[in-house]
Amino acid sequence: MKNLLILFSFISTLFFSSSLLAQSKKDSKPNVLFIMVDDMNDWVNAFGGHPQAITPNIDKVAKKGIMFKNAYCSAPLCNPSRTSLLTGLRPSTTGVYGNVEHFREEGFTDVVTLPQHFGANGYTTIAAGKIFHSPRGNKEIPKPGSDPGSFQTEKYSKLGTKFPDKSLRQSHGINFDQKGIKKNFKKSFDWYGIDDTTEETNDWQNAEYCADFLKENHDKPFFLACGIFRPHLPWYAPKKYFDMYDVETIQLPVVIENDLDDLGKGGNKLVSPTLHKELVEKGLWKEAVRAYLASLTFADECVGQVVDALDNSQYKDNTIIVIMGDHGWHLGEKEFWGKNTLWERSAKTPLIIFDPRTKGGKQVTNIVSLLDVYPTLSEMCGLPINKSNEGSSIYDLVKNPKKKTNKMVVTSKDKGFHTIRSSQYRYISYPDGTEELYDHNIDPNEWENVVKKENYKEALNLMRTALKEKISVNN
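These numbers come from a predicted model, not from an experiment.

### Structural notes on the overall build of the protein
Reasoning step 1: For the protein, the count of helices and strands is 15 helices and 18 strands.
Reasoning step 2: The C-alpha atoms of the protein give 23 Å as radius of gyration, which agrees with the globular expectation for 475 residues (23 Å, within 12%).
Reasoning step 3: Taken across its 475 residues, the protein has 57% of its residues classed as buried.
Reasoning step 4: For the protein, long-range pairs separated by at least 24 residues make up 73% of all intrachain contacts whose partners lie at least 6 apart in sequence.

Set out below in structure tokens:
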């Protein structure tokens, strides 16, 4: 009898402890796995941007999460986009439009960044790779722009892949000294299938650092940020990813001749067709597109390493996953190669949110902004809302993807260079007074600027007013 009582007591204690543990996990705040992929446009296979893209790992998260098909950055350049997302403030508020400014040096010394907000509310915060424009770096003193202190722990990170030997650098026969080609492209616009294995690359090792974190026991909820540098230039990726794509059968973006003819001075100042003409004339367009796709597939495998580690961890059922780019990228559209324009190709980027507590596998077609990520994650994790945030939570769309909204979002390139996107229109305003208006219902490629057409006068005035209501167009 005594042994039976002991056994009964043991079983009761075990059951009670298990119940407490289950209740504790149920009541605990969710973890966040936050993944940013640099220069990732919507060519991810699940988003349908390019039919040949091989991105099974990001696709897997997209299919079980909520895929935002129309997500737009606050700025089409790395530093201002990331600054906006991580501070919750518009570029027109901080004045950060380029890659050299740091928001704390622009008068925003006390801004609470997204990871700081989580850290102040009981979370362990940790990062590897490029989250802010500069990662922590591999030196004792953090790189400028990394915002040391935003994360409680930040890995010393090198980015992307090692450069091949200088003798292997390819000019591809391009004359980079021509007017109209960005000066930095002489060093950065290159592609090559390197001999390094995936495991030898910096991006993989940063992902591995995050994967190892997920294998450990943690007594507090965590905000884990992983930055993947490719497909940022130069497109150096292990050769096996280039081999996945047959250059002869690569599908090119659909473009039209004279696409720049109906732009005003403002739009034409943003782009030059020189590099595109070089690539077309030298038969390099398909090669360059393949290089971007190869780099994207390499980035996807790095993402997969972290996501797989989560799926095999004890945190699988209590971790929100966010995957996004920081802005888009042109690969010949508008006869342009690069970012930092105000058109769809540069402003649009993938956004995926997976919440294990809600039913996923849905698409949201409403217009949203990366500026909305900060307040959204705060709400999803039960944190106080940072009242300085200029975005708005889209958690209601995570829970109800079919909900219809009339949201408009702003993307800014510089003072006076702004665009606002609605479900139907893109309106662009330049400081010289020139404007552009595109009707996405009939022109998703933004080939025809209808700003001077009489039948669009009402729409033009509507979009002008909407932009002025959101920001001062002179800022």
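### Observations regarding the side chain of lysine 130
Reasoning step 1: Counting through the fold element by element, lysine 130 comes out in the loop between strand S4 (124-128) and strand S5 (153-154).
Reasoning step 2: A relative accessible area of 3% places lysine 130 in the buried class.
Reasoning step 3: Looking at lysine 130, its side chain comes within polar contact range of the side chain of aspartate 38, at 2.7 Å.
Reasoning step 4: Setting aside its immediate chain neighbours within four residues, lysine 130 contacts Asp38, Cys78, Arg82, Pro135, Leu159, Gly227, Phe229 and His232.

### Some points on the pairing of strand S12 (residues 351-354)
Here is the key point about a regular strand: its side chains alternate between the two faces of the sheet.
Reasoning step 1: Alternating positions in S12 separate into two faces, Leu351 and Ile353 on one and Ile352 and Phe354 on the other, with burial throughout.
Reasoning step 2: Where strand S2 (residues 66-68) and S12 come together, 3 bridges link them in antiparallel fashion. Looking at S12, one finds that phenylalanine 68 is bridged to leucine 351.
Reasoning step 3: Bridging between strand S9 (residues 319-325) and S12 involves 4 bridges; their strand directions are antiparallel.

### Thoughts on the sheet that holds strand S7 (residues 222-228)
Paired through their backbone hydrogen bonds, the strands of a sheet run either parallel or antiparallel.
Reasoning step 1: What the 8 strands build is an open sheet, ordered S5-S4-S7-S1-S9-S12-S2-S13; its pairing is mixed. Strands at the two margins of the open sheet, each flanked by one partner only, are S5 and strand S13 (362-364).
Reasoning step 2: The pairing of S4 with S7 spans 5 bridges and is parallel. From the neighbouring strand, alanine 127 faces S7, where its bridge partner is alanine 225.
Reasoning step 3: Strands S4, S5 and S7 of the sheet are contacted by helix H7 (residues 202-214), whose axis makes an angle of about 165° with S7.

### Some words on the packing of helix H2 (residues 56-64) against helix H11 (residues 285-311)
Reasoning step 1: Running from N to C, H2 and H11 cross one another at 50°; their axes reach a closest spacing of 7 Å. Of the possible angle classes, the one that applies to H2 and H11 is oblique. Listed contacts from H11 to Pro56, Asn57, Ile58, Lys60, Val61 and Lys64 of H2 are Asp300, Glu301, Val303, Gly304, Val307, Asp308 and Asp311.
Reasoning step 2: Across the contact of H2 with H11, the residue classes tally to 5 nonpolar, 2 polar and 6 charged.

### Examining unusual backbone geometry
Reasoning step 1: Of note, the bond from arginine 230 into proline 231 is cis; its omega dihedral lies within 30 degrees of zero at 15°.
Reasoning step 2: Relative to the assigned elements, proline 231 resides in the loop between S7 and strand S8 (235-238).
Reasoning step 3: For the peptide bond that leads from leucine 233 to proline 234, omega is -10°, which places it in the cis range.
Reasoning step 4: Note that proline 234 resides in the loop between S7 and S8.
Reasoning step 5: Its identity as a non-glycine residue notwithstanding, aspartate 39 has a phi of 60°, on the positive side.
Reasoning step 6: Relative to the assigned elements, aspartate 39 resides in the loop between strand S1 (31-37) and H2.
Reasoning step 7: At lysine 334, a residue that is not glycine, the phi angle is positive and equals roughly 60°.
Reasoning step 8: Mapped onto the fold, lysine 334 is located in the loop between strand S10 (330-331) and strand S11 (337-338).
Reasoning step 9: With a relative accessible area of 4%, lysine 334 lands in the buried category.

### Side note on the packing of H7 against H11
Reasoning step 1: Two elements in contact, H7 and H11, have axes separated by 8 Å at closest approach and are oriented at 10°. As summarised for this structure, H7 and H11 are arranged roughly parallel, according to the angle between their axes. Counted together, Asp203, Trp204, Ala207, Glu208, Cys210, Ala211 and Leu214 of H7 and Phe298, Glu301, Cys302, Gln305, Val306, Ala309 and Leu310 of H11 form the full contact between these two elements.
Reasoning step 2: Tallied by class, residues from the contact of H7 with H11 come to 10 nonpolar, 1 polar and 3 charged.

### A short note on the pattern of salt bridges
Opposite charge on two side chains lets them pair, provided their charged atoms get close.
Reasoning step 1: Applying the stated criterion across every chain, the model contains 26 salt bridges.
Reasoning step 2: Here aspartate 39 ties to lysine 339 by a salt bridge, and the two come within 3.1 Å at their closest N and O atoms. Taken together, the positions of aspartate 39 in the loop between S1 and H2 and lysine 339 in the loop between S11 and helix H12 (344-347) put the pair 300 residues apart, joining distant regions of the chain.
Reasoning step 3: Note that lysine 348 is salt-bridged to aspartate 42, the shortest N-O span being 3.8 Å. Linking lysine 348 in the loop between H12 and S12 with aspartate 42 in the loop between S1 and H2, this pair joins segments that are 306 residues apart in sequence. In this pair, the class of lysine 348 matches that of aspartate 42, namely buried.
Reasoning step 4: Through salt bridges with shared partners, a single ionic network connects Asp42, Glu333, Glu344, Arg345, Lys348, Arg421, Arg426 and Glu446.

Cut-offs applied
- Residues numbered from 1 in each chain as written.
- Predicted model: local features only at pLDDT ≥ 70, side-chain atom pairs only at ≥ 80, totals over all residues.
- Heavy atoms only, no water.
- Helix = DSSP H or I, 4+ residues; strand = E, 2+ residues; numbered from the N terminus.
- Rg over C-alpha atoms; globule rule 2.2 N^0.38 Å.
- Buried < 20%, exposed > 50% of the residue type's maximum accessible area, 1.4 Å probe, protein only.
- Contact = heavy atoms within 4.5 Å.
- Polar contact = N/O pair within 3.5 Å; in protein donor to acceptor, adjacent residues only side chain to side chain.
- Pairing = 2+ DSSP bridges.
- Axes fitted to C-alpha atoms, helices over the stretch in contact; angles between N-to-C directions.
- Parallel < 35°, antiparallel > 145°, perpendicular 65-115°, else oblique.
- Nonpolar A, V, L, I, M, F, W, Y, C, P; charged D, E, K, R; others polar.
- Salt bridge = Lys/Arg side-chain N within 4 Å of Asp/Glu carboxyl O.

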